[in-house]
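As a plain string of letters, each chain reads:
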Amino acid sequence: MFASALAAAQSAKKADGPDIKEIRDYRLNMDVIQRYIKAFKIASTDPGAKKCFDNNPPGNAPTLDAGEKIMNACPPAIADLKTAGIKPREFLIVTAALIGDFMAVGMKKSGTIKQYPSSISPENAAFIEQNYEKLPSMLEPLTGDTK
């Protein structure tokens, strides 16, 4: 599940309109990012959660609904998310919004793109721009080796 967190961003954004709108309408903030990272850290070290998603990671699901269903079928993962104070659907949405929006802001800062894609809200773009320097260190657990 958590080894595929980055894939969730790609899969969810491939889904049709409602998922993209739900992800775009979600407002990122430091509290939710901290809960998200806490959930990631807990679950990535939980053998029960890892075993649930070895062959069927929720990040590979074609929609948020399908990913949420996969997550809800794994009691250890649900317990881990509950400990961190984040629900399964929110975990998937934050994955997609945070990773996708962070990448878009980075591309704009580097000059690769001139304006943000419609998938990023102006509010999330502003939030990430304001916190761009501190987010990489906060997100290290997502990109590091969690074996």
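Remember, predicted model here, so these are calculated numbers, not experimental data.

**Considering the state of the cysteines**
So, point 1. On inspection of all chains with the given rule, the structure shows one disulfide.
So, point 2. Covalent S-S linkage joins Cys-52 and Cys-74, the inter-sulfur distance amounting to 2.1 Å. Across the S-S bond linking Cys-52 and Cys-74, the dihedral sits near 85°, which makes this disulfide right-handed. Of this pair, Cys-52 sits in helix 4 (residues 47–52) while Cys-74 is found in the loop between helix 5 (64–72) and helix 6 (75–84), placing the two residues 22 residues apart along the sequence.

**Remarks on the side chain of Arg-89**
So, point 1. By the secondary structure assignment, Arg-89 is in helix 7 (residues 88–110).
So, point 2. One polar contact links Arg-89 to Asp-65, side chain to side chain, over a distance of 2.7 Å.
So, point 3. Excluding residues within four positions of it along the chain, Arg-89 makes contact with Asp-19, Glu-22, Leu-64, Asp-65 and Glu-68.

**Some remarks on the confidence of the model for the protein chain**
So, point 1. Put simply, the protein chain has an average pLDDT of 87, and 86% of its residues get 70 or more.
So, point 2. Per-element averaging of pLDDT across the protein chain places helix 1 (residues 5–14) at the bottom with 46 and helix 8 (residues 122–130) at the top with 97.

**Let's talk about the side chain of Asn-131**
So, point 1. Following the sequence through the fold, Asn-131 ends up in the loop between helix 8 and helix 9 (135–138).
So, point 2. Of the residues examined, Asn-131 reaches a relative accessible area of 9% and is grouped as buried.
So, point 3. Here Phe-127 takes part through its backbone oxygen, which lies 2.8 Å from a polar atom of the side chain of Asn-131.

**Digging into the packing of aromatic side chains**
So, point 1. A full pass over the atoms with the stated rule returns two aromatic pairs.
So, point 2. Ring centres of Tyr-36 and Phe-91 lie 4.8 Å apart, and the angle between their planes is 35°; this geometry places the pair in the tilted category. One end of the pair, Tyr-36, is in helix 3 (residues 30–44); the other, Phe-91, is in helix 7, and 55 residues separate them in sequence. Taken as a pair, Tyr-36 and Phe-91 share a single burial class, namely buried.
So, point 3. Across from the ring centre of Tyr-132, 5.1 Å away, lies the NZ or CZ of Lys-109, which sits over that ring.

Here is what the cut-offs are and how they apply
- Residues numbered from 1 in each chain as written.
- Predicted model: local features only at pLDDT ≥ 70, side-chain atom pairs only at ≥ 80, totals over all residues.
- Heavy atoms only, no water.
- Disulfide = S-S within 2.5 Å.
- Helix = DSSP H or I, 4+ residues; strand = E, 2+ residues; numbered from the N terminus.
- Polar contact = N/O pair within 3.5 Å; in protein donor to acceptor, adjacent residues only side chain to side chain.
- Contact = heavy atoms within 4.5 Å.
- pLDDT = per-residue confidence, 0-100.
- Buried < 20%, exposed > 50% of the residue type's maximum accessible area, 1.4 Å probe, protein only.
- Phe/Tyr/Trp six-rings, centres within 6.5 Å; stacked < 30°, edge-to-face > 60°.
- Lys NZ or Arg CZ within 6 Å of the ring centre and 35° of its normal.

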